[in-house]
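# Descriptive analysis of the structure
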Amino acid sequence: MNACTNDARLAWMALILSPGMGAIRSWRTMQRLGDAASLLTLPLTELEGLGLPAAAAQFVADGRALAAAEDEARKAEEAGVSFLTPEDAAYPERLRQIYDPPAVLWLRGDPAILNLPGIAVVGTRHPSAYGQGMAELLARDLAARGLVIQSGMARGIDTAAHKGALAAGGKTVAVWGTGVDVIYPKENKKLAEEILLKGGAIVSEFPLGTFPAPQNFPVRNRIISGMSVGVLVVEAGEYSGTRVTARCALEQGRDIYAVPGNVTNKNAWGPNTLIRQGARLTATWEDIWEDLPSDVRAQLTAGDESSPGGTASLFPENTAGMGEQERQVLSALAMDSAVQLDELIEKLEGSMGAAEIFAALFELELAGQVRQLPGKNYVRVMV
């Protein structure tokens, strides 16, 4: 590519906004052309000679494409949004390596983290307490060691992964299937704000104002996997969109990691099948860390004389300073399934009264050891 100019960036934007032009066709057009900026000055016959569909060639030739690009750039600036094209040094280098990299990436947040080593964490929108806990735990532990956590900010596993990264004080990137000005799902508005506040980024290949459409999300999954050095699958059903991400990762030459699940849980089908097909069985952050390429580990530990320490445990215990009643209640709860309050009271009947159980649950929630789910169901938090 030639040195980046504003005309070249607008040319990429103009091309992708033209009818019938997707990422692959846009990249091939620019490769044939050699000089992106010159696209805006070509006559109709030469544009058609580049292989542009008739509607797209006409759209560019009569100036409508440039006008659309300038309008989009103006809207982006007004909304505090930037955009990256392959002409920009900040464009994610790993994305350049995939078969169909985005022609334009709309961005909110820090573009610098898009080129840092990252792990994609993906899974079902309807996780079990175990799946949600594992996604949050692994994302937190990996982010604490410098890896950027990448996901799609969907409900379920994606949300848990982003929250885990933020809890560790790490960085996270959300790849959306909407415009970066259209929050989806709406309940994640606060999460999106926190991602940006803490130095993360939100990216999309869809123009501003693009609302959620089912076909957008499988398309964006290749970006999640493409920016990563590896993809971690936590829970996913047989027909989950996570399969698309895993397939993209395999095609892109990315490593696949999977958290094994209970075979009676339909969402264990995805990770268990991937493990059977050769994915790395993952129970702790160490399983991923030890598998990273040596150059990636060197980059993560550069300037840090201490290597990541501590022995990871799938079932950590943290009962220091905990009272006996809190210990009893904690031992009666599980990480992989919720216990209903009435069932908990019945289980502890004879050793503790209801009032003591309520008090212990309150203290455990404050300490972050227990989480209350809808319907007065309680589950241990993986800490």
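These remarks concern the structure in this document. Please read all numbers here as calculations on a predicted model, not as lab measurements.

Moving on, we come to the pairing of strand β2 (residues 105-109). Where strand β1 (residues 82-84) lies against β2, three bridges are found, and the strand directions are antiparallel. Counterpart to Leu84 in the pairing with β2 is Leu105.

Below, the discussion takes up the sheet that holds strand β12 (residues 377-380). Reading across the sheet, the three strands line up as β10-β12-β11 and stay open at both edges, with antiparallel pairing between neighbours. The sheet is open, and its two edges are formed by β10 (339-340) and β11 (370-373), each paired on a single side. Here β11 pairs with β12 via four bridges, running antiparallel. Residue pairing across strands places Gln372 opposite Tyr378, the latter belonging to β12.

Let us look at the packing of helix α8 (residues 157-167) against helix α9 (residues 189-197). Running from N to C, α8 and α9 cross one another at 35°; their axes reach a closest spacing of 11 Å. Note that α8 runs across α9; the crossing there is left-handed. The residues of α9 that touch α8, namely those facing Thr159, His162, Lys163 and Leu166, are Leu191, Glu194 and Ile195. Its residues placed into classes, the contact of α8 with α9 shows three nonpolar, two polar and two charged.

Using the criterion set out here, one finds 16 salt bridges in the structure. Between Asp88 and Arg9 there is a salt bridge, with its nearest N and O atoms 2.9 Å apart. Of this pair, Asp88 sits in the loop between β1 and α6 (93-96) while Arg9 sits in helix α1 (residues 6-16), and the two are 79 residues apart along the sequence. Here the two residues Asp88 and Arg9 agree in accessibility, since each one is buried. Between Glu193 and Lys189 there is a salt bridge, and its shortest N-O distance comes to 2.6 Å. Of this pair, Glu193 and Lys189 both sit in helix α9, four residues apart, roughly one helical turn.

Turning next to the packing of helix α7 (residues 129-144) against α8. In contact at an axis separation of 7 Å, α7 and α8 are set at 35° when each is read in the N-to-C sense. The crossing of α7 and α8 is right-handed. Contacts between α7 and α8 involve Gly131, Gln132, Ala135, Glu136, Ala139, Arg140 and Ala143 from the first element and Ile157, Ala160, Ala161, Gly164 and Ala165 from the second. The residue makeup of the contact of α7 with α8, split by class, is seven nonpolar, three polar and two charged.

We now examine the environment of Gly199. Residue placement: Gly199 occurs in the loop between α9 and β6 (201-204). Beyond its immediate stretch of four places on either side in the chain, Gly199 contacts Asp110, Ile113 and Lys171.

When you tally the buried positions in α1, you get nine out of 11 residues, the bulk of the element. Listed as buried for α1 are Ala8, Arg9, Leu10, Ala11, Trp12, Met13, Ala14, Leu15 and Ile16.

Attention now moves to helix α17 (residues 354-366). In this model, α17 (13 residues) spans 18 Å end to end at C-alpha, consistent with the 18 Å of a helix rising 1.5 Å per residue. Residues of α17 that are buried: Ile357, Ala360, Leu361 and Leu364. Across the axial projection of α17, the buried residues extend over an arc of 100°, all falling on one side. Away from its buried face by more than 90 degrees, α17 exposes Ala355 and Leu366. Structurally, α17 contributes buried residues whose contacts are with α15 (324-331), α16 (341-347), β11 and β12. Count one or two residues on from α17 and you reach Gly368, which has phi positive near 75°.

What follows deals with the environment of Asp291. Positionally, Asp291 belongs in the loop between α13 (285-289) and α14 (294-301). The class for Asp291 is partly exposed, based on a relative accessible area of 31%. C-alpha of Asp291 to C-alpha of Gly237: the two residues are 54 residues apart in sequence and 26 Å apart in space. Each residue touching Asp291, except ones within four places of it in the same chain, is listed here: Asp255, Tyr257 and Arg280. Side chain to side chain, Asp291 and Tyr257 meet in a polar contact 3.1 Å long.

Conventions adopted
Residues numbered from 1 in each chain as written. Predicted model: local features only at pLDDT ≥ 70, side-chain atom pairs only at ≥ 80, totals over all residues. Heavy atoms only, no water. Pairing = 2+ DSSP bridges. Helix = DSSP H or I, 4+ residues; strand = E, 2+ residues; numbered from the N terminus. Axes fitted to C-alpha atoms, helices over the stretch in contact; angles between N-to-C directions. Left-handed = near helix turned anticlockwise from the far one by under 90°. Contact = heavy atoms within 4.5 Å. Nonpolar A, V, L, I, M, F, W, Y, C, P; charged D, E, K, R; others polar. Salt bridge = Lys/Arg side-chain N within 4 Å of Asp/Glu carboxyl O. Buried < 20%, exposed > 50% of the residue type's maximum accessible area, 1.4 Å probe, protein only. Expected span 1.5 Å × (residues − 1). Arc of directions from axis to C-beta. Polar contact = N/O pair within 3.5 Å; in protein donor to acceptor, adjacent residues only side chain to side chain.

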